[in-house]
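Analysis of the macromolecular model
One letter stands for each residue in the lines below.
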Amino acid sequence: MSGARILNALAYQAGWLACVLGGNAWALSAGTLLLALHWWLVDRSARGWAMVVIAALLGLAMDLGWQRLGLLRFDGTVAGGLPPWLAMLWLLFATTFAHSLAWLQARLALAALLGAVCGPLSYLAGIALGAAATRFPPWQVALAMAPAWALLLPLLLYLARAPRTVSVEVSP
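Residues numbered from 1 in each chain as written. Predicted model: local features only at pLDDT ≥ 70, side-chain atom pairs only at ≥ 80, totals over all residues. Heavy atoms only, no water.

**Here's the deal with the packing of helix 2 (residues 46–68) against helix 5 (residues 138–160)**
With their axes 11 Å apart at the nearest point, helix 2 and helix 5 run at an angle of 170° to one another. Taken together, the axis directions place helix 2 and helix 5 in an arrangement best described as roughly antiparallel. Contacts between helix 2 and helix 5 involve Arg-47, Met-51, Ala-55, Leu-58, Gly-59, Met-62 and Trp-66 from the first element and Ala-144, Met-145, Ala-148, Trp-149, Leu-152, Leu-155, Leu-156, Leu-159 and Ala-160 from the second. Taken together, the residues of the contact of helix 2 with helix 5 break down into 14 nonpolar, one polar and one charged. (Axes fitted to C-alpha atoms, helices over the stretch in contact; angles between N-to-C directions. Helix = DSSP H or I, 4+ residues; strand = E, 2+ residues; numbered from the N terminus. Parallel < 35°, antiparallel > 145°, perpendicular 65-115°, else oblique. Contact = heavy atoms within 4.5 Å. Nonpolar A, V, L, I, M, F, W, Y, C, P; charged D, E, K, R; others polar.)

Have a look at this one:
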């Protein structure tokens, strides 16, 4: 794994901790710093950043769905929506699809399996750390989330793939 991919993975983990443990108080400053480092050291492309925004919006839509369905309640929620720390967390996670998680882009079936397992586990960890709450047993939360994560992770990895080069000859 290249240095940029390792940095990306470590930055995401640090950001996850800052957002989940620090909530809104830490998410903005730590997340902004980590996103700036990502831009400076890893990816300055407009396409890469457009993908970050698209992925974050899709993830936030999923989280809003969990909240509206009553599966989760997030700490630090503003005006009935989602908390700012969760938006920052999705922006940070979205930086991984074209970098530290890029090895999964050609393994979408594995990505679906990992999404179904690791996606819900991340939420369960957040619940255990007090960043979110649920009225359901952990196994029910994981079971409810698994199908969505099995679809979302491969979709985001597919969207993050580098564009295919197409050679077109133009005759005079």
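**A short note on helix 3 (residues 84–94)**
Among the eleven residues in helix 3, eight count as buried, and that is most of the element. Taken as a whole, helix 3 has its buried residues at Trp-85, Leu-86, Met-88, Leu-89, Trp-90, Leu-92, Phe-93 and Ala-94. Tucked into the core, helix 3 has its buried residues touching helix 1 (3–41), helix 2, strand 1 (73–74), helix 4 (108–128) and helix 5. (Buried < 20%, exposed > 50% of the residue type's maximum accessible area, 1.4 Å probe, protein only.)

**Section: the packing of aromatic side chains**
Summed over the entire model, instances satisfying the criterion amount to seven aromatic pairs. Both rings, one in Trp-90 and one in Phe-93, keep their centres 5.6 Å apart while their planes meet at 65°; by these two values the pair is edge-to-face. With Trp-90 and Phe-93 both in helix 3, this residue pair falls three residues apart, about one helical turn. Just as Trp-90 is buried, Phe-93 falls in that class too. Of the aromatic side chains, those joined through ring pairs into one cluster are Tyr-12, Trp-90, Phe-93, Phe-97, Tyr-123 and Trp-149. Across the ring face of Trp-39, the terminal group of Arg-44 is positioned such that the distance to the ring centre comes to 4.4 Å. (Phe/Tyr/Trp six-rings, centres within 6.5 Å; stacked < 30°, edge-to-face > 60°. Lys NZ or Arg CZ within 6 Å of the ring centre and 35° of its normal.)

**Some words on the environment of Trp-149**
With respect to the secondary-structure elements, Trp-149 resides in helix 5. The class for Trp-149 is buried, based on a relative accessible area of 5%. Measuring from C-alpha to C-alpha, the distance between Trp-149 and Trp-85 comes to 20 Å, with 64 residues separating the pair along the chain. Residues within four places of Trp-149 in sequence aside, it is in contact with Met-62, Trp-90, Phe-93, Gly-115, Ala-116, Gly-119, Pro-120, Tyr-123 and Pro-154.

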